[in-house]
Amino acid sequence: MGTGCNFNAIDIDKDGHILLSSRHASEVTKINRETGDIIWRLGGEKNQFTFINDPLQGPENQHDIRVVGDSRYTVFD
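So, here's what we can say about the structure. Source: prediction; values computed, not measured.

What counts, and where the lines are drawn
Residues numbered from 1 in each chain as written. Predicted model: local features only at pLDDT ≥ 70, side-chain atom pairs only at ≥ 80, totals over all residues. Heavy atoms only, no water. Core = buried A, V, L, I, M, F, W, Y, C linked by side-chain atoms within 4.5 Å. Buried < 20%, exposed > 50% of the residue type's maximum accessible area, 1.4 Å probe, protein only. Helix = DSSP H or I, 4+ residues; strand = E, 2+ residues; numbered from the N terminus. Pairing = 2+ DSSP bridges. Axes fitted to C-alpha atoms, helices over the stretch in contact; angles between N-to-C directions. Salt bridge = Lys/Arg side-chain N within 4 Å of Asp/Glu carboxyl O.

## What to know about the nonpolar core
Of all hydrophobic cores here, the largest spans eight residues; its members are Ala 9, Leu 19, Val 28, Trp 40, Leu 42, Phe 51, Ile 65 and Val 67. Taken together, the elements giving at least two residues each to this core come down to strand S4 (38-42) and strand S5 (64-69).

Below you can see the structure in the form of structure tokens.
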């Protein structure tokens with residue numbers, strides 16, 4: 001995430017770590033709450049996931065991230 005990113009949503013995952021939605025980077029980032037290390041990145045230039053049957057290949061300028069269960073999330077894109 002570079003300068004100029006808008007952090008537009010934050011939530012706490014079931015394991016206590018931070019989920020951060022960065023709209024202009026088109027990225028959702030999971031951050032270790034104790035160390036600040038990045039656990040994973042969903043979308044954006046540093047995406048670590050494979051999107052199957054998604055012609056857009058992930059989120060773009062998403063508005064929200066919410067935890068809905070163990071390793072389950074909603075992203076309002």
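## Re the sheet that holds strand S1 (residues 7-12)
As a general point, the strands of a sheet are linked pairwise by backbone hydrogen bonds and lie either parallel or antiparallel. Spatial ordering of the open sheet is given by S1-S2-S3-S4, a layout of four strands whose pairing is antiparallel. On the outer flanks of this sheet lie S1 and S4, each paired with one strand and no other. Neighbour to neighbour, the strand axes of the sheet diverge by 20° on average, direction disregarded. With five bridges joining them, S1 and strand S2 (residues 18-22) adopt antiparallel strand pairing. Looking at S2, one finds that Ile 12 is bridged to Ile 18.

## Concerning the pattern of salt bridges
Pairing between side chains becomes possible if they bear opposite charge and their charged atoms approach one another. Scanning the model with the defined rule gives four salt bridges in all. Its salt-bridge partner being Lys 30, residue Asp 13 comes within 2.8 Å of it at the nearest N-O pair. A residue pair is termed long-range when its members are at least 10 positions apart, and Asp 13 in the loop between S1 and S2 and Lys 30 in strand S3 (residues 27-31) qualify at 17 residues. The residue Lys 30 makes a salt bridge to Asp 15 at a minimum N-O spacing of 2.8 Å. In this pair, Lys 30 sits in strand S3 while Asp 15 sits in the loop between S1 and S2, placing the two residues 15 residues apart along the sequence. Assessed through its relative accessible area of 7%, Lys 30 is described here as buried. A relative accessible area of 46% places Asp 15 in the partly exposed class. Among the ionic contacts, a cluster of salt bridges with common partners joins Asp 13, Asp 15 and Lys 30.

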